[in-house]
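Residue-level listing of the chains:
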Amino acid sequence: MTLSRIRNFSIVAHIDHGKSTLADRLLALTGAMDPKKAVDQVLDSMDLERERGITIKQHTVRLPYLRQDGQEYTLNLIDTPGHVDFSYEVSRSLAACEGALLIVDAAQGVEAQTLANFYLALEANLTIIPIINKIDLPQADVEGTRRQIAEILGLNPEDAIPISAKFGTGVPEVLEAIVHRIPPPPGDPAAPLKALVFDSFYDPYQGVVVYVRIFDGRARAGMPALLMSNGRVYEVQQVGVFTPEMKPVEELAAGQVGYLTAGIKRVADAKVGETITDAHRPTAASFPGYRDAKPMVFAGLYPVEDTAYQSLRDALDKLRLNDSALTFEPETSLALGFGFRSGFLGLLHMEIVQERLEREFGLTLIVTSPSVRYRVVTTGGETLEIDNPSKLPPAGAIAHLEEPYVRAAVFAPTEFMNPIYRLAQDKRGEHRALEYLGKRVHITFDFPLAEIIVDFYDRLKSISKGYASLDYDFLEFRPSELVKLDILLNGDPVDALSVIVHGDKAYDKGRALAEKLRAVIPRQLFEVAIQAAIGSRVIARETVKAIRKNVTAKCYGGDITRKRKLLEKQKEGKKRMKQVGKVEVPQEAFLSVLKS
Amino acid sequence: MIGLADLRPSQSGPALGLYLHIPFCRQRCHYCSFNTGPYRPAAMERFLTALCREIDLVGDADWAGRASIGTVFFGGGTPSLLEADEMERLLERLRKRFSLAPATEVTVECNPESLTREKAEGYRLAGVNRLSLGVQSLDAGLLVKLGRLHSPEEARHAFETARHAGFDNLSVDLMYGLPGLDLARWEETVREILAWRPEHLSAYALTLDAGSRWARSGVAGLPDEDTVTAEYWALARRAAAAGYEHYEISNYARPGFRSRHNQVYWRGEEYVGLGPGASGFLGDIRYGNVEPVERYCALLEAGTRPLGTYETLTTAQRQAERGILGLRLSDGVPPDWLAGVGPLVEAWKSLGLLEVAGGRCRLTEAGFWLSDSLFVELLPPAP
Ligand SMILES: Nc1nc2c(ncn2[C@@H]2O[C@H](COP(=O)(O)OP(=O)(O)OP(=O)(O)O)[C@@H](O)[C@H]2O)c(=O)[nH]1
Ligand SMILES: [Mg+2]
């Protein structure tokens, strides 16, 4: 296939605007997928993606496209996730492409991730094809959306293609636009191999499978592949394409997108952004490399059964093979025993990891309240980073504390400005800029990350009838008046329940937390006193009364099995309890810090 | 699959218990979830024939003739719906097949309204030596609310009738934690019942078991936990003062009059269950007969034993059960049975819920009332 017949593109958009659905239509129309076998959002192949109806990982697929005039093209499509936790997936996908389909939901209009992804595509120098989706919806506003594309994104409104990904309307035009507007990939098939790794996953049989975009030269089985960042050489075992299943091919040549395997054992050995070349005939210059995905929130993961520690470590090791953004290191808690402090891109990422650990590895876990990473400047002049509140040095040793700030963009119809400002104030936001874009405003704030990881997004959605959207990125560390709030159960501090909060909010937080714990800690054989304290000062107190009665009175005519089943049911309810000192604390208690 | 041949008592065990289930009532009580249906003479007749056939089928087993029977218990349903001659017929049949000694405890559960002087005497002549009278309450309004068919006066009268018929081992069943029952009324009930001087007293806190009318419809006026707990303690105190031993969570007896049959269950001893839905425990197998009376009769009419469910206990389950059951008794269990949950035993001791004395580990009266919290910890981990 000559380069002129290849097109490489990503589909990007705000969450839920219909990327994966458009991918379905493109697969069907080009014959890559038998329509009879097709399920909705077929590329969302993980169970979790299907259940939640969202894309978590990028998905690559090669489409053979036979045009009316008999000319054959190869289109390489990359479907990307829309959720802000996974914007990292978007940027690296774009690196493998010359074009991007930027979808805008005609009923929602341009939203925060539309903008964020638009800028990512611009920075990557891609040709952008604006697409207005969901025109079948009664509340679709095609002309209004077209105006926004012109006013907000500065694109030519005439270029936007109105479609219904759901019903297929306008999708043939999208295919034609891909061929006409997106340039064919540059590159020289005769030059030394130069391939960019833009993703990878671990397969138990083949080892690491790397997603590659070939920029120059050819890759084929048997050749010695040099990983330029670390100097390691592997023999290429297989090259292939995604159809969407993995299908081996003879070779991948310049301009093409596909995968290769080379007996690489660890995903870390073939990082995203890596340059692969021919060890015998290396290319002159490597790609600049790529920043690692940085975890933003941290939480302790502990097995409910102490004996499952090793299984948890094995499971985390396996998950990390496919999830380079996941970090973990061993930690011990007085309350919870042995576990791991893990880092995540955001709360959705954390939930997904927890769900996968429990579902795919059969573990029962306690997840502690998520925390951001704080910086401690000690009186001795040292700077420490801590991601676990219980590791905070004693107050006397702290000169000052710093917390991470993000620069956040809120994008919303003008009528919601007031409630948005009120919410921002409540979340310690600092206003930076305000821009009117037609009937919408684009407001820039600086927020402490800790304030927005939890319920900010939900509240933003609810005060704006779902119309406001959010995007954010790490900005810097800033000094802040922070205090550590401890929780004591029957007088003993529970390290896993400690949180770091802003001084102004400590009282409210302490009270809310104590109340919440009273609601979730079940009654025990003795009274349980719950206290919230800052240092030695108790700021809130609640009590869980003792159980009065727990007995199966009857003998049921010798039906011991029935009696035992009643007990087994009771025991089932206790499965997620962790013994903390003498007190049994349910799993949800540790997350209640989050919800109060 | 187990075969019938596997259903046999272990060689070494003590005497067997026999439980016979009589699955009819004139009316279902509103709290009741047991296997029982409306009484019809024709259905009773068909059922008795089937029950005799079941006795014969079990009696055919090679071990049956040799097995000595320590206790016989007629439960229900309402066993006192049986006429005296029907009772005689059943006990005759049992004697033919098993070895019942004169000392064998033979109990019949009786509802006050169906116990006449004539019936009581007939039962005694047939070999019954213990009656358990379902009094439940001495509050006329409450009895109606519970769906009982007798008044407080009829209950007292039935008790006296049984005494006059010569029964020197009588038990009374009571319930507390009832909707609308206040503590004062309960204390009065207890005081009056104790004045009757029954040899034995069972008192159950109401539970809304699935399958009962109240579990379906709900019921207004249930007392709170504190009230039920106060009722438990009121009974415990008054019974002790009157010379009764609180020998099991829900059972009290004057010295020498503990229910031997129920102790078979709590001590993990073996018993044969006869009748629809009856449970049995032989060897290491717990089994239950089919529950519907119609199906039970049809199977026996076809000459088949009416087994419904069974499970073979693992060693871990047996060990868990003997602790869970044994701790229901004030006799408790040998401390080494709880060796696996040492820290828990210590915690329970420190809370005054459990004591170790005389080589036994036993729950206190406070511990009885919270016992399920301990028992769940004794269950073997789910497989
Ligand atoms: N009515 C209508 N609904 C659509 C259309 N396209 C997509 N949808 C629906 O919009 C929802 C989101 O579609 P997806 O394709 O999963 O969206 P996505 O952009 O891939 O979402 P993420 O991957 O989570 O960012 C689904 O319920 C689709 O059925 C359309 O053209 N019309
Ligand atoms: Mg998607």
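Residues numbered from 1 in each chain as written. Chains lettered and ligands numbered in written order. Predicted model: local features only at pLDDT ≥ 70, side-chain atom pairs only at ≥ 80, totals over all residues. Heavy atoms only, no water.

K.L.:
Please give an account of the overall build of chain B that cites residues and values.
P.N.:
Counting secondary structure elements, chain B contains 14 helices and 16 strands. Here chain B has a C-alpha radius of gyration of 21 Å; the compact-globule value for 383 residues is 21 Å, and the two agree. In terms of its C-alpha atoms, chain B occupies a principal-axis envelope of roughly 55 × 50 × 40 Å. Residues classed as buried in chain B amount to 56% of the 383 residues present. Here the contacts in chain B between residues at least 6 apart in sequence split such that 71% fall between residues at least 24 apart. Accessible area of chain B: about 15200 Å², with a carbon and sulfur share of 52%. (Helix = DSSP H or I, 4+ residues; strand = E, 2+ residues; numbered from the N terminus. Rg over C-alpha atoms; globule rule 2.2 N^0.38 Å. Buried < 20%, exposed > 50% of the residue type's maximum accessible area, 1.4 Å probe, protein only. Contact = heavy atoms within 4.5 Å. Areas by Shrake-Rupley, 256 points an atom, 1.4 Å probe, with all protein chains shown as cover.)

K.L.:
Give me the lowdown on the packing of helix H3 (residues 87–94) of chain A against helix H4 (residues 112–123) of chain A, citing residues and values where you can.
P.N.:
All names here are of chain A. Here H3 crosses H4 at 25 degrees, and the two axes come no closer than 10 Å. Between H3 and H4, the crossing angle belongs to the class labelled roughly parallel. The chirality of how H3 crosses H4 is right-handed. On H4, the residues touching Val90, Ser91 and Leu94 of H3 are Asn117, Leu120 and Ala121. In terms of residue class, the contact of H3 with H4 is built from four nonpolar, two polar and no charged. (Axes fitted to C-alpha atoms, helices over the stretch in contact; angles between N-to-C directions. Parallel < 35°, antiparallel > 145°, perpendicular 65-115°, else oblique. Left-handed = near helix turned anticlockwise from the far one by under 90°. Nonpolar A, V, L, I, M, F, W, Y, C, P; charged D, E, K, R; others polar.)

K.L.:
Help me get a handle on helix H11 (residues 315–326) of chain B, residues and values and all.
P.N.:
With 12 residues, H11 of chain B extends 16 Å from end C-alpha to end C-alpha; this agrees with the ideal 16 Å at 1.5 Å per step. Looking at the packing, one finds that the buried side of H11 of chain B touches helix H13 (560–573) of chain A together with helix H9 (260–266), strand E13 (285–289), strand E14 (307–312) and helix H14 (371–378) of chain B. (Expected span 1.5 Å × (residues − 1).)

K.L.:
Before we move on, could you go through the site of ligand 1 and cite the residues and values that matter?
P.N.:
Residue and element names in this part refer to chain A. In the neighbourhood of ligand 1, 19 residues make up the surrounding shell, with Lys19, Ser20, Thr21, Thr55 and Asp136 lying closest. At a separation of 2.5 Å, an oxygen atom of ligand 1 approaches a polar side-chain atom of threonine 21. In the model, a nitrogen atom of ligand 1 is placed 2.7 Å from a nitrogen or oxygen of the aspartate 136 side chain. Look at ligand 1: alone it shows 650 Å² of surface, and the protein chains cover 85% of it. The greatest single-element share of the shell around ligand 1, amounting to three residues, is contributed by helix H1 (residues 19–29). In terms of residue class, the shell around ligand 1 is built from four nonpolar, 10 polar and five charged. (Near = heavy atom within 4 Å. Polar contact = N/O pair within 3.5 Å; in protein donor to acceptor, adjacent residues only side chain to side chain.)

K.L.:
Can you lay out the interface of chain A and chain B for me, pointing to particular residues and giving the numbers?
P.N.:
A common way to state how big an interface is: give the accessible area lost once the parts meet. Counting residues at the interface gives 27 residues for chain A and 41 residues for chain B. Around 3200 Å² of area is buried between chain A and chain B when both sides are counted, 56% of it from carbon and sulfur atoms. Taken together, the connections running from chain A to chain B amount to four salt bridges. Here glutamate 311 of chain B ties to arginine 564 of chain A by a salt bridge, and the two come within 3.1 Å at their closest N and O atoms. There are 17 residue pairs in polar contact (both at pLDDT 80 or more) connecting chain A and chain B. Of all the elements, H13 of chain A adds the most residues to the side of chain A that touches chain B, at nine residues. (Buried area = accessible area lost by both parts, 1.4 Å probe. Salt bridge = Lys/Arg side-chain N within 4 Å of Asp/Glu carboxyl O.)

K.L.:
With reference to specific residues and values, describe the sheet that holds strand E7 (residues 194–203) of chain A.
P.N.:
All names here are of chain A. In space, the eight strands of this open sheet follow the order E11-E10-E16-E7-E8-E15-E12-E13, with antiparallel pairing throughout. Strands with a single pairing partner mark the edges of an open sheet, and in this sheet they are strand E11 (232–235) and strand E13 (246–249). The sheet shows a mean angle of 40 degrees between the axes of neighbouring strands, taken without regard to direction. As paired strands, strand E10 (residues 224–227) and strand E16 (residues 275–278) are joined by three bridges and run antiparallel to one another. Each bridged residue has a counterpart across the sheet, and for alanine 225 the counterpart in E16 is aspartate 278. (Pairing = 2+ DSSP bridges.)

K.L.:
Explain the sheet that holds strand E20 (residues 365–367) of chain A to me, and be specific about the residues and the numbers.
P.N.:
Residues and elements named next belong to chain A. With antiparallel pairing, four strands are arranged side by side in an open sheet as E18-E19-E17-E20. Looking at strand neighbours, the two that pair on one side only are strand E18 (327–333) and E20, the edges of this open sheet. Strand-to-strand twist across the sheet, computed as the mean angle between neighbouring axes with direction ignored, equals 30 degrees. Bridging between strand E17 (residues 297–303) and strand E19 (residues 337–344) involves five bridges; their strand directions are antiparallel. Directly across from glycine 300, in E19, lies its bridge partner arginine 341. Contacting E17, E19 and E20, helix H8 (residues 347–361) runs over the sheet at an angle of about 165 degrees to E20.

K.L.:
Can you lay out the coordination of the magnesium ion (ligand 2) for me, pointing to particular residues and giving the numbers?
P.N.:
Surrounding the magnesium ion (ligand 2) are the protein donor atoms Ser20 of chain A (OG) and Thr55 of chain A (OG1), which sit 1.9 to 2.1 Å from the metal. Of the two residues, serine 20 of chain A is situated in helix H1 and threonine 55 of chain A in the loop between helix H2 (47–52) and strand E2 (59–66); the sequence distance between them amounts to 35 residues. (Donors = N, O, S within 2.8 Å, 3.2 Å for Na, K, Ca; no water.)

K.L.:
Summarise the domain arrangement of chain B; cite the residues concerned and give the values.
P.N.:
All names here are of chain B. Its domain assignment divides chain B into domain 1 (4–266) and domain 2 (318–383). The straight-line distance from the C-alpha centre of domain 1 to that of domain 2 is 27 Å. Taken residue by residue, the interface counts 15 residues in domain 1 and 12 residues in domain 2. For the pairing of domain 1 and domain 2, the buried interface totals around 1300 Å² over both sides, and the portion due to carbon and sulfur atoms is 60%. Contact with domain 2 buries surface across domain 1, with Tyr232, Ile249 and Trp266 losing the most and accounting together for 45% of the total. One can count two salt bridges joining domain 1 with domain 2. Measuring nitrogen to oxygen at the nearest pair gives 2.6 Å for the salt bridge that ties glutamate 248 to arginine 328. Counting the contacts that link domain 1 with domain 2 gives eight residue pairs in polar contact (both at pLDDT 80 or more). (Domains from an automatic or database assignment.)

K.L.:
Tell me about unusual backbone geometry, residues and numbers included.
P.N.:
Following threonine 243 of chain A, the chain continues to proline 244 of chain A via a peptide bond in cis, the omega torsion being 5 degrees. Of note, the bond from glycine 76 of chain B into glycine 77 of chain B is cis; its omega dihedral lies within 30 degrees of zero at 15 degrees. Residues other than glycine seldom take positive phi values, yet aspartate 16 of chain A does so here, at roughly 70 degrees. Residue placement: aspartate 16 of chain A occurs in the loop between strand E1 (6–13) and H1. One non-glycine residue, asparagine 490 of chain A, adopts positive backbone phi at about 45 degrees.

K.L.:
A description of a negative patch on the surface should follow, citing residues and the corresponding values.
P.N.:
Where like charges cluster on the molecular surface, the negative patch consists of Glu83, Asp85, Glu88 and Glu118 of chain B. Its location among the elements puts glutamate 83 of chain B in the loop between strand E4 (68–76) and helix H2 (84–97). (Patch = residues over 30% accessible without salt bridge, like charges linked within 9 Å, V, L, I, M, F, W, Y side chains within 5 Å. Lys, Arg positive; Asp, Glu negative; His and termini not counted. Charge placed at Lys NZ, Arg CZ, Asp CG, Glu CD.)

K.L.:
Provide a residue-level description of helix H6 (residues 183–196) of chain B, including the pertinent values.
P.N.:
All names here are of chain B. The first and last C-alpha atoms of H6 sit 20 Å apart over 14 residues, in line with the 20 Å expected at 1.5 Å per residue. The set of residues buried in H6 consists of Trp186, Thr189, Val190, Ile193, Leu194 and Trp196. End-on, the buried residues of H6 take up no more than an arc of 140 degrees, which puts them together on one face. Turned more than 90 degrees off the buried face of H6, the exposed positions are Ala184 and Ala195. Buried residues along H6 sit against strand E6 (130–136), helix H5 (152–164), strand E7 (170–176), strand E8 (200–205) and helix H8 (225–241). Looking at the residues trailing H6, positive phi occurs at arginine 197, about 60 degrees. (Arc of directions from axis to C-beta.)

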